[in-house]
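# Examining the three-dimensional arrangement
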Amino acid sequence: MNRRAAASGRPSGTDGSDFSYRMVVDSRYTKVAKAKSRLAKLIFAQVVTQLMIAANVFVSLSKKESPDKVSGSSLAIGFVSVLAGELGQKRSRSNFLKFYVFGSSISILLSVAYLATSNLSLETFLSFTSLDTLKIASVLLGFVVQLFAVGTTISLINNMAPPKRAS
C-alpha cells in the first residue's frame with residue numbers, strides 16, 4: 001500500500017530541484033503530434049463521406065441508371081488520396097501528405113462540380129426522402145471536412161520540416 005502512494009507523487013531519488021536539467025520538448029514536436037491526431041480524425045471523416053458517395057453510386061447502378069463517370073472518378077481519386085494521407089500521417093511522409101491534399105481536393109471539387117451540373121432542385125433537398133438528399137449532404141459534408149483537412153495538413157507539413165538555420 002505504501003508503494004502505491006509513493007508512485008503517484010514525485011519520483012524516488014529526487015528532491016525536485018533537478019527540473020532545470022530535464023529535457024524540454026520543442027513545441028513543434030507537440031504541434032506535429034496534435035496535428036497528426038487531428039488529421040487521423042479528419043481522414044476517418046473523409047472515408048465516411050467517400051462511403052456515402054459510393055453508396056449513392058451503387059444505388060444508382062442498382063436502379064439500372066447509367067453509371068456516372070464523374071462520381072466514379074471522384075471516388076477512385078478520393079480513396080487513393082485518403083490512403084496516401086493515412087500513410088503520410090502514420091509515417092510522417094510529406095510527399096504523401098502533399099499528394100493527399102491535392103488528390104482529395106480534386107476529388108471533392110469533382111463531386112461539387114457534378115452536383116452543380118446535375119438537375120437537383122431545392123425541393124428535392126428539403127423533401128428529406130430522396131436519394132439526392134444523401135448525395136447533397138455527403139458532398140457538402142465532404143467539402144467542409146476537406147477545408148479543415150487542408151489546413152491541418154499544411155500545418156503538419158510545415159511543422160514536420162526541420163527549422164530553418166540562420167546563416
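Computed from a predicted structure; not experimentally measured.

What counts as what
Residues numbered from 1 in each chain as written. Predicted model: local features only at pLDDT ≥ 70, side-chain atom pairs only at ≥ 80, totals over all residues. Heavy atoms only, no water. UniProt positions renumbered as here; feature names shortened; annotations may be inferred. Helix = DSSP H or I, 4+ residues; strand = E, 2+ residues; numbered from the N terminus. Salt bridge = Lys/Arg side-chain N within 4 Å of Asp/Glu carboxyl O. Buried < 20%, exposed > 50% of the residue type's maximum accessible area, 1.4 Å probe, protein only. Contact = heavy atoms within 4.5 Å.

### A short note on the UniProt feature "transmembrane region" (unreviewed entry) in the chain
Taken from the UniProt record, the annotation "transmembrane region" (unreviewed entry) applies to residues 39-58, 70-87, 99-116 and 136-157. For residues 70-87, helix accounts for 100% and strand for 0%, while the C-alpha atoms at its two ends are 26 Å apart. What you have in residues 136-157 is 100% helix and 0% strand, and the ends, taken at the C-alpha atoms, are 31 Å apart.

### A look at the pattern of salt bridges
Counted by the stated rule, this structure contains one salt bridge. Taking the shortest distance from any N to any O, the salt bridge between K90 and E86 comes out at 3.7 Å. Placement of the pair is K90 and E86 together in helix α3 (residues 69-91), with a separation of four residues, close to one helical turn.

### Some thoughts on the side chain of S74
As for its placement among the helices and strands, S74 is situated in helix α3. S74 gets classed as buried once you look at its relative accessible area, which sits at 0%. With residues up to four places along the chain from it excluded, the contact list for S74 reads Q50, S107, L110 and S111.

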